[in-house]
Amino acid sequence: MNNQMNSQMNRRQLLNHINEVSFAVDEVKLYLDTHPCDTEALEYFREMSSHRNQALKEYAASYGPLTIDTASDSCAERWNWINEPWPWQEGGC
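The structure reproduced in this document is the subject of the present report. Just so it is clear, the model here is predicted, and its values are computed rather than measured. (Residues numbered from 1 in each chain as written. Predicted model: local features only at pLDDT ≥ 70, side-chain atom pairs only at ≥ 80, totals over all residues. Heavy atoms only, no water.)

**Notes on the overall build of the protein**
Consideration 1: Looking only at helices and strands, the protein features four helices and zero strands.
Consideration 2: Reading the secondary structure of the protein in the N-to-C direction produces α-α-α-α.
Consideration 3: Going through the 93 residues of the protein one by one, you find that 29% of them count as buried.
Consideration 4: In the structure as shown, the protein presents an accessible area of about 6,500 Å², 50% of it carried by carbon and sulfur atoms. (Helix = DSSP H or I, 4+ residues; strand = E, 2+ residues; numbered from the N terminus. Buried < 20%, exposed > 50% of the residue type's maximum accessible area, 1.4 Å probe, protein only. Areas by Shrake-Rupley, 256 points an atom, 1.4 Å probe, with all protein chains shown as cover.)

Okay, structure coming up:
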C-alpha cells in the first residue's frame, strides 16, 4: 500500500492495516525459517515488510509512534507521545 492510500485512512483503518501486514511479515518469517531458498516467499517478505514500515511511519507522523523505530520521526523535540492516547484507549485495537 502506498503512502497516498495510507494518508486517506483514518486512525483505526491504519492500525488495522499495520496489524494485517505485521501478521503477514511474521508468518512469512516463520515459513522462511524452514524454506530459506524460496525466492517467492523472500520477495513477499520484502514487500510486506516495506508496506509495514511505510504504514508505521505514516501512523507516527499522524498520531505518534507505535514502535521505538518510528519515535524519532514524530518526536524530534520531546517525548510528547507518552501524553497521547494509547491505541487501546481509542475504543479497542
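**Comments concerning the nonpolar core**
Consideration 1: Within the largest apolar cluster, seven residues are counted, these being Met9, Leu14, Leu15, Ile18, Ala55, Leu56 and Tyr59.
Consideration 2: Elements represented by at least two residues in this core include exactly helix H2 (11-34) and helix H3 (39-63). (Core = buried A, V, L, I, M, F, W, Y, C linked by side-chain atoms within 4.5 Å.)

In short, shape yes, function no, at least from these values alone.
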